[in-house]
Amino acid sequence: MTNTGKTVDVVMCTYNGEKFLREQLDSIVGQTYPIHRLIVQDDGSTDSTVEIVREYAARHPFIELYVNGRNLGFNLNFKTAVMRATADFVAIADQDDVWFPDKIERQVAQIGDHNICFAAHLRGASLNAARKVEPQYSLKALLFGGFAGHTMLLRRTFAQREEAWAGAVIYDWSLAVSAYFCGTEPITYISDPLNWHRSHDGEAALLLHQTRAARLGAAAGGALAPYLHGLRHYRRLQGLDKWRRFYTFIYSNTDRKKYRTEHTMTRCLLSPGLLPLLRLCLICMRHRRDTYPAAASARGVMGLLRGFFLPLIFAYNNTEFDD
């Protein structure tokens, strides 16, 4: 183990997580890098989650439990929990993952002066069947979605900035974008998977997405649906307050020199009409290799098409801006 002398607080937000919680707690307690504090903030669980955390806290004094007086919801629960941190760095933990033993050690060694160090992860219902997830993290790519909070190690002084929590989108997307607007070193990446993100019917992000998607309904067309119906969804999203707040935030923080292309893309996202959309599609096609969420899918003729239609594909699949 390499101890740099830098301290790490782990922040975990829980809600009815008894099924997988012990395995995740064991993986955090067993890290090769010392944990300064494990801050667990529960959002009103009705199962045995709180009792399990108290059991672990009795054995491990660095575990601190906080129970919210009222349900804060996914985003606000994480934000208020992160604000409790006092260490040099903050690592985000889901309640149902499994961390590999050297996760924190490798991220502390990698982060340097960056605001965020994140890593690839494995996702699946079982570890043996899990697939590797490698998100894009250029600012161009982050205009169309973020990467998982449970893969992040954050510089505390950055993570506790109010402006890092835009509020219009899920917290980890906001943090990833905001990393580009604070200091000179935004994000660094480890290509090896450092945790297993367990897929299951009760995971919080999936339930949130399913609830929103059910309200919107599904359109016919199968694999072609994003191309057939994406424009309608794009126009609808442009009229939503959260959309305008989020992209106005980015637009106001991207100057014309350092982020000239991103500034133009954001202006297009905020501008109604077909001409701004066409311009955005052409930019996405030109920069598809570092903008399309899966870089491997941006190759060849189909890659050209996917790059061009990225704004519509994104809009069709997006429920982030809906209340």
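Structure first, text after, so check above.
Each value, and the rule that gives it
Residues numbered from 1 in each chain as written. Predicted model: local features only at pLDDT ≥ 70, side-chain atom pairs only at ≥ 80, totals over all residues. Heavy atoms only, no water. Pairing = 2+ DSSP bridges. Helix = DSSP H or I, 4+ residues; strand = E, 2+ residues; numbered from the N terminus. Axes fitted to C-alpha atoms, helices over the stretch in contact; angles between N-to-C directions. Buried < 20%, exposed > 50% of the residue type's maximum accessible area, 1.4 Å probe, protein only. Parallel < 35°, antiparallel > 145°, perpendicular 65-115°, else oblique. Left-handed = near helix turned anticlockwise from the far one by under 90°. Contact = heavy atoms within 4.5 Å. Nonpolar A, V, L, I, M, F, W, Y, C, P; charged D, E, K, R; others polar.

**Description of the sheet that holds strand β3 (residues 63-67)**
Pairing in this open sheet of 7 strands is mixed, and the strands run β3-β2-β1-β4-β9-β6-β10 from one edge to the other. With partners counted over all chains shown, the strands left at the sheet margins are β3 and β10 (187-190), one partner each. When the angles between neighbouring strand axes are averaged without regard to direction, this sheet yields 20°. In this sheet, strand β9 (residues 152-155) lies alongside strand β6 (residues 116-119) in antiparallel orientation, the contact comprising 3 bridges. Paired with Phe118 across the strands is Met152, a residue of β9.

**Overview of the pairing of β6**
Of the two faces of β6, both are covered, the one formed by Ile116 and Phe118 as well as the one formed by Cys117 and Ala119. Note that β6 and β10 share 4 bridges and pair parallel. Bridging across to β10, Phe118 finds its partner in Tyr189.

**Re the packing of helix α1 (residues 18-29) against helix α2 (residues 49-59)**
Running from N to C, α1 and α2 cross one another at 20°; their axes reach a closest spacing of 9 Å. As judged from the angle between their axes, α1 and α2 are roughly parallel. Like other packed secondary-structure pairs, α1 and α2 cross with a definite hand, here right-handed. Contacts between α1 and α2 involve Glu18, Leu21, Arg22, Leu25 and Asp26 on the former and, on the latter, Thr49, Ile52, Val53, Glu55 and Tyr56. Residue classes in the contact of α1 with α2 are distributed as 5 nonpolar, 1 polar and 4 charged.

**Overview of the sheet that holds strand β5 (residues 98-99)**
The strand order β5-β11-β7-β8 describes an open sheet built from 4 strands, whose pairing is mixed. Edge positions in the open sheet fall to β5 and β8 (131-133), since each of these has one partner strand only. Pairing of strand β7 (residues 121-124) with strand β11 (residues 195-198), which is carried by 3 bridges, proceeds in the parallel orientation. When the bridges of β11 are listed, Leu122 appears paired with Trp196.

Remember that the coordinates give geometry; whether it matters functionally is a separate question.
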